[in-house]
Amino acid sequence: MTDTLFINARLIDPVALTDTLGALLVRGGKIAEVFDTNPNAGDAQVIDCGGKCLAPGIIDIGVKVSEPGERHKESFRSAGRAAAAGGVTTIVTRPDTLPAIDTPETLEFVERRAQADAPVHVLPMAALTKGREGREMTEIGFLQDAGAVAFSDADRVVTDTKVFSRALTYARSLDALVIGHTQDPGLSKGAAVTSGKFASLRGLPGVTPMAERMALDRDIALLEMTGARYHASQITTARALPALERAKRNGLNITAGVGVHHLTLNEMDVADYRTFFKVKPPLRSEDDRVAVVQAVADGLIDVISSMHTPQDEESKRLPFEEAASGAVGLETLLPAALRLYHAEMIDLPRLFRALTLNPARVLGLEAGRLQAGAPADLILFDPDAPLQLDRSQLLSKSKNTPFDGARMQGKVLGTWVDGDRIWENA
Amino acid sequence: MTFRARHLLGIEHLHPTEITTLLDLADSYADHNRRGVAHRDVLAGLTQINMFFENSTRTQASFEIAGKRLGADVMNMEMQASSIKKGETLIDTALTLNAMHPDLLVVRHPHSGAVDLLAQKVNCAVLNAGDGKHEHPTQALLDALTIRRAKGRLHRLSIAICGDVAHSRVARSNIMLLGKMENRIRLIAPPTLMPSGMNEFGCEVFEDMEEGLKDVDVVMMLRLQKERMDGGFIPSEREYFHRYGLDAAKLAHAKPDAIVMHPGPMNRGVEIDGTIADDINRSVIQEQVEMGVAVRMAAMDLLAQNLRAARTETQGVMA
């Protein structure tokens with residue numbers, strides 16, 4: 001295998017938080033060396049980046065691939081290609097499939113399918129409770145041995161605190177990561193949007209943003225009790241931030257993420273009942289959006305995800321309350337996140353800290369860094385290249401993006417996994 | 001032509017001059033109805049389909065009579081009993097109906113926004129007869145006409161809307177319409193039945209009935225929508241009546257000539273005392289029902305005019 005040398009690259013380093021010109025050498029699927037000037041190429045294959053950005057590949061926690069059960073919505077092949085095109089080199093898949101991934105046997109199916117069809121790394125999550133029903137914990141030990149990187153009931157909350165505290169305690173003994181959905185189930189029952197003026201105007205059932213803080217408060221109390229390692233998948237409201245900040249300051253093993261849609265859209269985007277904007281939790285107020293973007297820039301919120309959720313046309317072409325929740329995001333994650341950079345709300349190294357380094361740290365991965373020894377999972381992108389999104393051009397099988405027709409900036413020019421180029425945009 | 005809308009989906013997108021145009025026409029229909037003057041030529045040759053995905057004897061009858069008075073061929077479809085039980089989606093139902101070439105489609109649906117969705121898929125004029133908790137435009141228009149006839153104007157009035165605002169599409173359409181016509185709107189409800197953010201619509205919000213009713217010109221009562229509640233909004237009907245039911249003592253805080261309205265059907269002894277509802281000096285509830293037919297005649301007349309104009313234009317292009 002020949003070495004690859006990237007020269008004239010604008011290196012986005014999420015560890016040093018720098019954005020400087022330099023070069024990078026890949027050898028044997030790993031980053032061998034990082035240079036601040038172009039070195040002698042020797043017999044390495046040279047890729048001239050032409051001043052464009054070279055960054056670690058995105059690690060996306062919480063991707064729904066609809067296998068098993070709903071392969072017509074998304075398969076490992078289509079999700080893998082969409083990820084490669086979107087600059088995502090690792091997808092961490094959700095267990096909310098049909099059936100749920102709650103046994104080592106179903107987990108093995110996922111791994112086998114991913115291995116056969118997806119060009120990117122696929123790391124599966126498993127359910128925390130059997131059938132995601134919140135009654136009995138899954139075989140966390142066996143599942144971990146079989147490769148589960150985290151345990152989560154996805155968008156379901158384990159309402160029985162006794163069950164949840166036992167699962168957290170057991171997970172702690174195995175140092176297993178538990179990922180929680182922080183929405184109080186009682187308050188959010190039946191809700192389609194966030195309560196407030198917009199919900200009242202449209203006559204849609206709303207949930208108070210307080211539902212998020214309440215669920216986070218509960219989970220923090222249980223962490224204090226059990227000492228488990230915990231990641232809140234989506235923190236989307238200003239009111240939840242002080243609790244998160246306190247929990248971190250008190251030394252609890254807690255991290256938090258947010259979906260890119262909550263960073264770039266708000267409740268008003270639903271407009272005349274546009275169901276592609278129906279996501280879970282619902283889009284928030286502009287004040288919440290700005291507060292959460294700030295929390296990402298400050299590092300309080302650790303991770304940005306696409307929360308990729310494929311839905312077919314039939315499940316979206318319904319009255320808003322009846323329509324399915326979720327939006328695809330693998331291919332729009334980067335240009336959407338770059339809106340924050342272009343709006344000067346965050347710089348590129350901090351943005352990539354949330355897209356690469358922090359998710360790697362949460363999962364204990366070597367990737368997500370531009371450092372010697374790290375896997376050569378890389379993306380080359382032009383942050384300024386304009387595009388108008390056409391949903392019919394998406395590689396995902398499902399086309400339910402809220403960004404259809406949107407003008408965005410940011411094109412992935414190339415994607416490398418373990419040093420091999422898996423995607424190229426001419 | 002000052003009524004341009006293709007559909008009547010809500011008050012939100014109507015211009016005040018469109019509202020006035022419609023009310024003027026409805027006013028004349030109301031007089032004609034009283035005198036028994038027929039207008040069977042207005043909608044002659046047009047097919048009106050009433051599609052009710054949610055039960056409503058009163059509204060459906062009102063639309064049916066309005067259509068028949070204007071000469072339309074009216075058909076009622078009981079959608080609850082029909083295709084949705086067989087799993088057909090709303091859009092498929094719309095496309096199926098559209099293929100039968102109706103001219104006017106009157107739709108009621110239990111979900112907010114469902115009528116808007118349906119209107120995107122059909123070629124005929126769509127009238128919203130109530131969608132979820134969103135809008136009920138003809139109710140707001142008939143309320144407006146009733147107020148205008150009783151008070152001689154539809155601006156600079158102080159109007160109280162009382163009761164179950166949270167579950168009421170009638171309240172939303174009325175807030176929109178009365179706001180557009182520059183009235184003062186006071187909303188009175190227990191906090192559990194008041195949607196959030198209502199003060200941002202330019203309404204004054206009250207939890208105390210007597211305080212809220214002070215010196216108002218119009219008292220608009222809302223039906224307690226027990227069927228839309230999943231429990232626990234109010235402790236009991238008798239406590240609700242005690243604190244929010246309209247009786248003579250509470251009504252005494254309004255202006256002496258204040259009128260009392262209710263969209264029906266009434267829960268007597270829950271939101272309104274029977275004697276107030278029947279008091280011919282205060283209650284205009286029967287007149288509201290009467291204006292309902294006139295307003296629906298006017299709405300269908302105007303929409304049919306626009307529909308015919310659009311069709312003539314298309315034919316002109318094709319010829």
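Use the structure listed above.
Residues numbered from 1 in each chain as written. Chains lettered and ligands numbered in written order. Predicted model: local features only at pLDDT ≥ 70, side-chain atom pairs only at ≥ 80, totals over all residues. Heavy atoms only, no water.

**A short note on the overall build of chain A**
Counting its secondary structure elements, chain A contains 13 helices and 18 strands. For 426 residues, the compact-globule estimate of 2.2 N^0.38 gives 22 Å, and the C-alpha radius of gyration of chain A, at 21 Å, lies within 12% of that figure. Seen through its C-alpha atoms, chain A measures out along the principal axes to roughly 65 × 50 × 45 Å. In chain A, which comprises 426 residues, the proportion classed as buried is 62%. Relative to all contacts within chain A whose residues are 6 or more apart in sequence, the contacts with residues 24 or more apart total 75%. Working note: accessible area of chain A is about 15,800 Å², and carbon and sulfur atoms make up 47% of it. For chain A, the separation between the mean place of its 47 positive charges and that of its 56 negative charges on side chains is 4 Å. (Helix = DSSP H or I, 4+ residues; strand = E, 2+ residues; numbered from the N terminus. Rg over C-alpha atoms; globule rule 2.2 N^0.38 Å. Buried < 20%, exposed > 50% of the residue type's maximum accessible area, 1.4 Å probe, protein only. Contact = heavy atoms within 4.5 Å. Areas by Shrake-Rupley, 256 points an atom, 1.4 Å probe, with all protein chains shown as cover. Lys, Arg positive; Asp, Glu negative; His and termini not counted. Charge placed at Lys NZ, Arg CZ, Asp CG, Glu CD.)

**Notes on the overall build of chain B**
Across its full length, chain B carries eleven helices and nine strands. For chain B, the C-alpha radius of gyration of 20 Å lies close to 20 Å, the compact-globule estimate for 319 residues. Referenced to the eigenvectors of the C-alpha coordinate spread, the extents of chain B come out at roughly 65 × 45 × 35 Å. By residue count, 59% of the 319 residues in chain B fall in the buried class. Here the contacts in chain B between residues at least 6 apart in sequence split such that 75% fall between residues at least 24 apart. For chain B, the accessible area works out to roughly 13,400 Å², and carbon and sulfur atoms hold 51% of it. Charged side chains of chain B number 36 positive and 41 negative; the gap between the two group centres comes to 2 Å.

**With respect to the packing of aromatic side chains**
Residues and elements named next belong to chain A. Applying the stated criterion across every chain, the model contains three aromatic pairs over all chains. Measuring from centroid to centroid gives 4.9 Å for Phe-6 and Trp-416, while their planes differ by 85 degrees, and the two rings are edge-to-face. Taken together, the positions of Phe-6 in strand 1 (residues 4–13) and Trp-416 in strand 17 (residues 407–417) put the pair 410 residues apart, joining distant regions of the chain. Taking the relative accessible area as the measure of exposure, Trp-416 reaches 3% and is therefore buried. The aromatic ring of Tyr-273 is capped on one face by Arg-202, whose charged end is 5.7 Å from the ring centroid. (Phe/Tyr/Trp six-rings, centres within 6.5 Å; stacked < 30°, edge-to-face > 60°. Lys NZ or Arg CZ within 6 Å of the ring centre and 35° of its normal.)

**Let's talk about the packing of helix 5 (residues 137–151) of chain B against helix 6 (residues 169–180) of chain B**
When two helices pack together, you describe them by how their axes are tilted relative to each other and by the distance separating the axes. Residues and elements named next belong to chain B. Relative orientation of the contacting elements helix 5 and helix 6 amounts to 55 degrees, with a least axis distance of 8 Å. On the basis of their axis angle, the class for helix 5 and helix 6 is oblique. Considering the relative orientation of helix 5 and helix 6, their crossing is right-handed. For the pair helix 5 and helix 6, contact is made by Pro-137, Gln-139, Ala-140, Leu-141, Asp-143, Ala-144 and Ile-147 and by Val-170, Ser-173, Asn-174, Leu-177 and Leu-178, respectively. Of the residues that constitute the contact of helix 5 with helix 6, the class distribution is eight nonpolar, three polar and one charged. (Axes fitted to C-alpha atoms, helices over the stretch in contact; angles between N-to-C directions. Parallel < 35°, antiparallel > 145°, perpendicular 65-115°, else oblique. Left-handed = near helix turned anticlockwise from the far one by under 90°. Nonpolar A, V, L, I, M, F, W, Y, C, P; charged D, E, K, R; others polar.)

**Let's talk about the sheet that holds strand 4 (residues 125–131) of chain B**
All names here are of chain B. The four strands are arranged 2-1-3-4 in an open sheet whose pairing can be described as parallel. Each of the sheet's edge strands pairs with one partner strand only, and the pair in question is strand 2 (73–78) and strand 4. When strand polarity is set aside, the average angle formed by the axes of neighbouring strands in this sheet is 15 degrees. Of the pairings in the sheet, the one linking strand 3 (residues 104–109) to strand 4 comprises five bridges and is parallel in character. Residue pairing in the sheet places His-109 in a bridge with Asp-131 of strand 4. Packing against the sheet, helix 2 (residues 57–69) makes contact with strand 1 (47–52), strand 2, strand 3 and strand 4, and its axis sits at approximately 180 degrees to strand 1. Packing against the sheet, helix 3 (residues 90–98) makes contact with strand 1, strand 2 and strand 3, and its axis sits at approximately 165 degrees to strand 1. (Pairing = 2+ DSSP bridges.)

**A closer look at helix 12 (residues 333–342) of chain A**
An α-helix turns once every 3.6 residues. As a result, residues three or four positions apart point the same way. All names here are of chain A. Burial runs high along helix 12: seven of the ten residues are buried. Buried within helix 12 we find Leu-333, Leu-334, Pro-335, Ala-336, Ala-337, Leu-338 and Leu-340. Note on helix 12: the residue one or two positions beyond its end, Glu-344, has a positive phi of about 60 degrees.

**Some details on the interface of chain A and chain B**
Taken together, the contact pairs 17 residues of chain A with 24 residues of chain B. Of the roughly 1,700 Å² buried between chain A and chain B on both sides combined, carbon and sulfur atoms contribute 56%. Note that Arg202(A) and Glu12(B) form a salt bridge whose closest N and O atoms lie 2.9 Å from each other. Our enumeration of links across chain A and chain B arrives at nine residue pairs in polar contact (both at pLDDT 80 or more). A breakdown of the residues in the side of chain A that touches chain B according to their chemical character gives seven nonpolar, four polar and six charged. (Buried area = accessible area lost by both parts, 1.4 Å probe. Salt bridge = Lys/Arg side-chain N within 4 Å of Asp/Glu carboxyl O. Polar contact = N/O pair within 3.5 Å; in protein donor to acceptor, adjacent residues only side chain to side chain.)

**Some details on the pattern of salt bridges**
Residues and elements named next belong to chain A. This model, assessed by the stated rule, comprises 42 salt bridges over all chains. In this structure, the salt-bridge partner of Asp-217 is Arg-213, at a minimum N-O distance of 3.3 Å. One end of the pair is Asp-217 and the other is Arg-213, both in helix 7 (residues 210–226) and four residues apart, which spans about a single turn. Among the residues examined, Asp-217 registers a relative accessible area of 30% and is labelled partly exposed. Assessed through its relative accessible area of 32%, Arg-213 is described here as partly exposed.

**What to know about a negative patch on the surface**
Residues Glu207(B), Asp208(B), Glu210(B) and Glu211(B) make up a contiguous surface patch of negative charge. For Asp208(B), the location among the structural elements is in the loop between strand 7 (204–206) and helix 7 (209–212). (Patch = residues over 30% accessible without salt bridge, like charges linked within 9 Å, V, L, I, M, F, W, Y side chains within 5 Å.)

**Some points on helix 5 of chain B**
Residues and elements named next belong to chain B. End to end, helix 5 covers 21 Å across 15 residues, agreeing with the expected 21 Å (1.5 Å per residue, within 8%). When you tally the buried positions in helix 5, you get 13 out of 15 residues, the bulk of the element. At the exit of helix 5 stands Gly-152, carrying a positive phi of roughly 80 degrees. (Expected span 1.5 Å × (residues − 1).)

**Describing the sheet that holds strand 6 (residues 184–188) of chain B**
Residue and element names in this part refer to chain B. Here five strands make up an open sheet; going across it, the order is 7-6-5-8-9 and the pairing parallel. On the outer flanks of this sheet lie strand 7 and strand 9 (259–261), each paired with one strand and no other. Strand-to-strand twist of the sheet, defined as the mean angle between neighbouring strand axes without regard to direction, takes the value 20 degrees. Both strand 6 and strand 7 contribute to a ladder of three bridges, which runs parallel. Within the sheet, the bridge partner assigned to Leu-187 lies in strand 7 and is Val-205. Along the sheet face, helix 5 touches strand 5 (158–162), strand 8 (218–221) and strand 9 and points at about 165 degrees away from the line of strand 9.

**Overview of the nonpolar core**
If you look at the biggest cluster of nonpolar residues, it comprises 100 residues, and the most contacted ones within it are Ile304(A) and Phe352(A). Every residue in contact with Phe352(A), bar those within four places of it in the chain, is listed here: Ile12(A), Pro14(A), Ala55(A), Pro56(A), Ile58(A), Leu334(A), Leu357(A), Ile379(A) and Phe381(A). The next biggest cluster of nonpolar side chains, apart from the first, holds 90 residues, and it includes Leu43(B), Leu177(B), Ile259(B) and Leu303(B). (Core = buried A, V, L, I, M, F, W, Y, C linked by side-chain atoms within 4.5 Å.)

**Observations regarding unusual backbone geometry**
All names here are of chain A. That bond from Leu-98 to Pro-99 is cis: its omega, 0 degrees, falls within 30 degrees of zero. Structurally, Pro-99 can be placed in the loop between strand 7 (88–93) and helix 2 (104–117). Lys-280 connects to Pro-281 through a cis peptide bond whose omega is -5 degrees. Backbone geometry at Asp-418 places phi at a positive 50 degrees, although glycine is not the residue there. Within the secondary structure layout, Asp-418 lies in the loop between strand 17 and strand 18 (420–424). Judged by its relative accessible area of 34%, Asp-418 falls in the partly exposed class.

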